[in-house]
Amino acid sequence: MLLLGPMLTLASAAIVTEIPPFLRGDIQIAYSYEQLSGKLQERGDEELEVGQRTLSDHRLQYGLVFSVAPGVAVFADLPHYVSSRVSYGALSDMVYDPGTGSGTYVGTTEGTPGTYVDGAGLGGLWMGVRGTPFSEAFQKRNSSTTWLIEGAFRTGDKTSFWTADEDGKRGAGPGGTAARLHTAFSTTFGNTSPYVAGTYVGEGKQTVDVVTPDGTTHAQVEVDPANHGDMRIGMEVLTGQNPASGSQFVFDMHLDVSYDAYALLPSGFYLPNTLDASAGGLVQQAEQLEAGGGIGLHWRPFQNLQIGVNADLAYHMPQRIEYPYPVYTGGDTIRFAAGTTLGVRFR
């Protein structure tokens with residue numbers, strides 16, 4: 001990777017640990033699609049399939065990063081949720097079960113498949129700083145490893161997924177403020193750059209007037225989305241480059257594991273329907289764990305333009321969706337994600 005600047009040399013770290021040279025910056029727009037799909041199972045004396053659910057997100061993200069000192073950069077990212085949907089290919093209506101004192105989908109009337117929740121809008125603005133305390137790109141330091149560390153804060157967003165405006169237009173995203181800590185390490189062996197990265201996001205609470213999928217407005221509740229973290233181990237392989245023009249082609253392969261803590265969310269958003277007793281009120285969503293992997297391609301046709309594509313697949317381990325009801329994600333639940341990025345690099 002070709003880097004310019006008084007303290008930089010042609011040596012470089014992986015893309016995951018790169019920041020612009022001093023007084024240089026990048027502008028980026030990214031599109032991503034994410035889908036979590038699988039069966040819903042009700043657990044009792046036995047596990048019974050009671051539905052087929054798909055959660056999907058189409059998202060754009062606009063980003064800007066600028067280096068304010070050698071090895072230090074400030075950045076801002078604005079997510080735009082083009083569409084956030086909860087859909088069902090098969091479902092049943094919930095009725096009260098006097099035997100358990102809860103609700104059940106077993107043996108009830110079949111519901112109408114389709115999209116039950118659909119939101120869109122801008123999310124909160126992420127602002128932060130990232131730096132490389134040591135880097136292979138520093139000419140005057142003999143570092144064999146690059147370490148990137150990042151801290152960021154997200155502003156709150158009143159148009160969250162849990163509420164809607166007077167016209168019934170639902171927002172998207174978690175809504176509350178959040179803080180993020182991210183770090184990554186990489187090194188270079190010939191044309192390969194192995195790396196490890198980790199991220200933790202602490203989600204803030206938000207008080208909202210809940211508008212359930214049927215359009216009913218309920219009393220205010222304090223939503224507490226799940227804190228979450230993930231870890232990635234991967235390797236970038238430089239398959240071709242032209243130092244004269246700054247062009248290069250990098251192939252990335254990685255393994256991931258992610259964990260979400262429990263959350264307190266309004267009832268009725270991630271199940272096809274629930275009992276009136278819980279509608280709009282807070283319920284606990286259980287912890288979730290996912291593991292998988294993916295690939296990425298990064299093409300730089302010349303020094304000032306970079307294009308990337310990526311695809312990931314992860315297994316979503318069974319999770320209780322709402323605490324009052326014994327309904328879990330099925331053992332076939334998979335998360336698929338894909339995206340593309342376009343970046344303009346001022347070098």
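Keep in mind it's a predicted model, so treat the numbers as computed, not measured.

Let's shift gears to the overall build of the chain. Each helix and strand counted, the chain has zero helices and 20 strands in total. Taken over C-alpha atoms, the radius of gyration comes to 23 Å for the chain, in line with the 20 Å a tight globule of 347 residues would show. Counting only C-alpha atoms, the chain reaches 75 × 40 × 30 Å along its principal axes. Counting across all 347 residues of the chain, residues that qualify as buried make up 48%. A separation of at least 24 residues holds for 66% of the contacts in the chain among residues at least 6 apart in sequence. Of the roughly 16400 Å² that the chain leaves accessible, carbon and sulfur atoms contribute 59%. Of the side chains in the chain, 21 bear a positive and 36 a negative charge, and the two mean positions are spaced by 12 Å.

A separate point is the pattern of salt bridges. For the structure on display, the rule yields 13 salt bridges. Here R180 makes a salt bridge to E150, at a shortest N to O gap of 2.9 Å. Of this pair, R180 sits in strand 9 (residues 178–187) while E150 sits in strand 8 (residues 145–154), placing them 30 residues apart in sequence. Given a relative accessible area of 17%, R180 falls into the buried group. For E150, a relative accessible area of 7% corresponds to the buried category. Note that R232 is salt-bridged to D312, the shortest N-O span being 3.7 Å. Separated by 80 residues along the polypeptide, R232 in strand 13 (residues 228–242) and D312 in strand 18 (residues 305–316) bring together distant segments of the chain. Through salt bridges with shared partners, one network takes in E18, D26, R345 and R347.

A few words on the side chain of S193. Topologically, S193 is positioned in strand 10 (residues 192–203). Among the residues examined, S193 registers a relative accessible area of 10% and is labelled buried. Those residues in contact with S193 that sit more than four places away from it in its chain are A14, T187, T188, G234, M235 and E236.

This part covers the pairing of strand 2 (residues 47–69). In this sheet, strand 2 lies alongside strand 1 (residues 25–43) in antiparallel orientation, the contact comprising 19 bridges. Counterpart to G38 in the pairing with strand 2 is R53. Across 18 bridges, strand 2 lies against strand 3 (residues 72–91) in antiparallel orientation. Within strand 3, the position partnered with V65 by the bridge is F75.

Note: strand 8 against strand 9, 10 bridges, orientation antiparallel. Residue T146 lies in a different strand from strand 9, and its bridge partner there is S186. Sheet topology places strand 9 next to strand 10; nine bridges connect them, and they run antiparallel. Residue R180 lies in a different strand from strand 10, and its bridge partner there is V201. In this structure, the hairpin formed by strand 9 and strand 10 is closed by a connection of four residues, where G190 is found at a positive phi of approximately 60°.

Under the definition given, this model contains eight aromatic pairs. Here the aromatic rings of Y88 and Y116 are separated by 5.4 Å at their centres, their planes lie at 75°, and the arrangement is edge-to-face. Taken together, the residues Y88 in strand 3 and Y116 in strand 6 (residues 114–122) connect sequence positions 28 residues apart. Assessed through its relative accessible area of 3%, Y88 is described here as buried. The partly exposed category is assigned to Y116, whose relative accessible area is 28%. Aromatic side chains W147 and F185 sit 5.7 Å apart centroid to centroid with 5° between the ring planes, which places their arrangement in the stacked category. Taken together, the positions of W147 in strand 8 and F185 in strand 9 put the pair 38 residues apart, joining distant regions of the chain.

Time to look at the nonpolar core. Counting 26 residues, the largest nonpolar core has V86, F161, W162, F269, Y270 and V327 as the members making the most contacts within it. Within the residue set of this core, elements represented by two or more residues are strand 1, strand 2, strand 3, strand 11 (206–211), strand 12 (217–223) and strand 15 (263–266). For this core, the element with the highest residue contribution is strand 3, accounting for three residues. Excluding residues within four positions of it along the chain, Y270 makes contact with R53, L55, V86, Y88, F161, W162, L265, Q285 and I321.

What counts and what doesn't
- Every residue gets a number counted from 1 within its own chain, in the order that chain's sequence is written.
- Where totals are concerned, whole chains, interfaces and linings use all residues; where local detail is concerned, this predicted model gives features only for residues with pLDDT of at least 70, and gives and counts side-chain atom pairs only at 80 or more.
- To obtain the side-chain values, all non-hydrogen atoms of the structure were included, while hydrogens and water were left out.
- Strands are runs of DSSP state E lasting at least two residues, helices are runs of H or I lasting at least four, and both sets are numbered from the N terminus onward.
- Throughout, the radius of gyration refers to the C-alpha atoms, and the reference size of a globule is 2.2 Å times the residue count to the power 0.38.
- With a 1.4 Å probe rolled over the protein chains alone, any residue whose accessible area is under 20% of its type maximum counts as buried; one over 50% counts as exposed, and the rest are partly exposed.
- Residue contacts follow a heavy-atom distance rule, with two residues in contact if any of their heavy atoms lie within 4.5 Å.
- Each accessible area value is a Shrake-Rupley result obtained with a 1.4 Å probe; residue values ignore everything except the protein chains displayed when judging cover.
- His is not counted, nor are the chain ends, whereas Lys and Arg count as positive and Asp and Glu as negative.
- Where a charge sits is defined by one atom per residue type, namely NZ (Lys), CZ (Arg), CG (Asp) or CD (Glu).
- Counted as salt bridges are all cases of a side-chain nitrogen of Lys or Arg within 4 Å of a carboxyl oxygen of Asp or Glu.
- A pair of strands is labelled paired if DSSP reports no fewer than 2 bridges between them.
- Pairing of aromatic rings covers Phe, Tyr and Trp, the last counted by its six-membered ring, and requires centre-to-centre distances within 6.5 Å; plane angles under 30 degrees mean stacked, over 60 mean edge-to-face, and any other angle means tilted.
- By convention a nonpolar core is built from buried Ala, Val, Leu, Ile, Met, Phe, Trp, Tyr and Cys residues, the set being connected through side-chain atoms within 4.5 Å.

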